[in-house]
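A look at the structure
Take a look at the letters that make up each chain.
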Amino acid sequence: DQQVKQNSPSLSVQEGRISILNCDYTNSMFDYFLWYKKYPAEGPTFLISISSIKDKNEDGRFTVFLNKSAKHLSLHIVPSQPGDSAVYFCAASARGSDSWGKLQFGAGTQVVVTP
Amino acid sequence: GAGVSQSPSNKVTEKGKDVELRCDPISGHTALYWYRQSLGQGLEFLIYFQGNSAPDKSGLPSDRFSAERTGGSVSTLTIQRTQQEDSAVYLCASSPQIAQETQYFGPGTRLLVL
């Protein structure tokens, strides 16, 4: 049962433009969301997170938006750079449950930034 | 400082053989997690350890999988009687405490079962 879904397996964007990555979840207990970035042959690295008490969190070029009623979050990268080419994973956890430490991950979105 | 390390980086084995995968977490991190990523899939939670508490094994796919963490540091994931469907990248992560969701990942072990 896939509780976190990233329906776009790939995204191609031109350098300097905005990249928008989408993520949907089904478990209403999820209250903390993270985005990880992964380069080939490396482990995922933490990028940005958001708590369910917020609807937006910004860190430099990266902004995450959360729509709790739609169970949807998105990651915006502005402006996109060639070094942003990677696989991006959405993840979620339920802090209030005994599943505290278990992150549920989406399948990932491959982003390719073209010159 | 040193990040999470895993060994071996690649492992090819024959169906039916046992394999052991090792994880060295970041020094001082009390929580340790194992995930696996099958081809084209997201990361699938397997097990996590927090200090001296009993591990949460709820993600282990079968009783062929087991893990231990000795001395609260190094962890070993063991797969007995490997099957072809066990082929995946096995990722280890650690965090300073279980309450911190931000997990720091190692590079993974790529397991191929022939």
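The rules we used
Residues numbered from 1 in each chain as written. Chains lettered and ligands numbered in written order. Predicted model: local features only at pLDDT ≥ 70, side-chain atom pairs only at ≥ 80, totals over all residues. Heavy atoms only, no water. Phe/Tyr/Trp six-rings, centres within 6.5 Å; stacked < 30°, edge-to-face > 60°. Buried < 20%, exposed > 50% of the residue type's maximum accessible area, 1.4 Å probe, protein only. Helix = DSSP H or I, 4+ residues; strand = E, 2+ residues; numbered from the N terminus. Disulfide = S-S within 2.5 Å. Contact = heavy atoms within 4.5 Å. Salt bridge = Lys/Arg side-chain N within 4 Å of Asp/Glu carboxyl O. Polar contact = N/O pair within 3.5 Å; in protein donor to acceptor, adjacent residues only side chain to side chain. Nonpolar A, V, L, I, M, F, W, Y, C, P; charged D, E, K, R; others polar. Pairing = 2+ DSSP bridges.

As enumerated under the stated definition, the model contains 13 aromatic pairs over all chains in all. Aromatic side chains Tyr 25 of chain A and Phe 33 of chain A sit 4.7 Å apart centroid to centroid with 40 degrees between the ring planes, which places their arrangement in the tilted category. Under the relative-accessibility criterion, Phe 33 of chain A is labelled buried at 1%. On the numbers, 5.8 Å between centres and 55 degrees between planes, the contact of Tyr 36 of chain A with Phe 105 of chain A is tilted. Residue Tyr 36 of chain A is found in strand E4 (residues 32–38), and its partner Phe 105 of chain A is found in strand E10 (residues 104–105); the two are separated by 69 residues along the sequence. Classification of Phe 105 of chain A by relative accessible area gives buried; the value is 3%. Through a chain of ring-to-ring contacts, three or more aromatic side chains come together here, namely Tyr 36, Phe 46, Phe 89 and Phe 105 of chain A together with Tyr 33, Tyr 35, Phe 45, Tyr 48 and Phe 105 of chain B.

Our next topic: the state of the cysteines. Residues and elements named next belong to chain B. Following the criterion strictly, the structure yields two disulfides over all chains and no others. In this model Cys 23 forms its disulfide with Cys 92; the gap between the sulfur atoms is 1.8 Å. Of note, the bridge from Cys 23 to Cys 92 carries an S-S torsion of about -65 degrees and is left-handed in sense. With Cys 23 in strand E3 (residues 19–24) and Cys 92 in strand E8 (residues 88–95), this residue pair connects regions lying 69 residues apart in the sequence.

Another aspect to go through is the interface of chain A and chain B. How big an interface is tends to be stated in terms of accessible area lost as the parts join. Residue-level contacts link 20 residues of chain A with 22 residues of chain B. Run the count over chain A and chain B and you get zero salt bridges. Taken together, the links from chain A to chain B amount to two residue pairs in polar contact (both at pLDDT 80 or more). If you list the elements that add at least two residues to the side of chain A that touches chain B, you get E4 and strand E9 (86–93) of chain A. Grouping the constituent residues of the side of chain A that touches chain B by class yields 11 nonpolar, four polar and five charged.

Further remarks concern the pattern of salt bridges. All names here are of chain A. Within the structure shown, the criterion is met by six salt bridges over all chains. A salt bridge links Lys 37 to Asp 84; the nearest nitrogen and oxygen atoms lie 3.9 Å apart. Note that Lys 37 is positioned in strand E4 and Asp 84 in the loop between strand E8 (72–77) and E9, a separation of 47 residues in sequence. A single burial state applies to Lys 37 and to Asp 84, both of which are buried. We note a salt bridge from Asp 84 to Arg 61, for which the minimum N-O separation is 2.8 Å. Within this pair, whereas Asp 84 is found in the loop between E8 and E9, its partner Arg 61 is found in the loop between strand E6 (56–59) and strand E7 (62–67), the two being separated by 23 residues in sequence.

Turning our eyes to something else, we now look at the sheet that holds strand E1 (residues 4–5) of chain A. Residues and elements named next belong to chain A. Taken in spatial order, the five strands make up an open sheet running E1-E3-E8-E7-E6, and their pairing is antiparallel. Of all strands in the sheet, those with a lone pairing partner are E1 and E6, marking the two edges. By the bridge criterion, six bridges tie E7 to E8 in an arrangement that is antiparallel. Across the sheet, the residue bridging to Phe 62 is Ile 77, located in E8.

Now for the environment of Val 74 of chain B. Residues and elements named next belong to chain B. You can see Val 74 is positioned in the loop between strand E6 (65–69) and strand E7 (75–79). Judged by its relative accessible area of 16%, Val 74 is buried. Contact partners of Val 74, with chain neighbours within four places excluded, come to Arg 22, Cys 23, Asp 24, Pro 25, Glu 68 and Arg 69.

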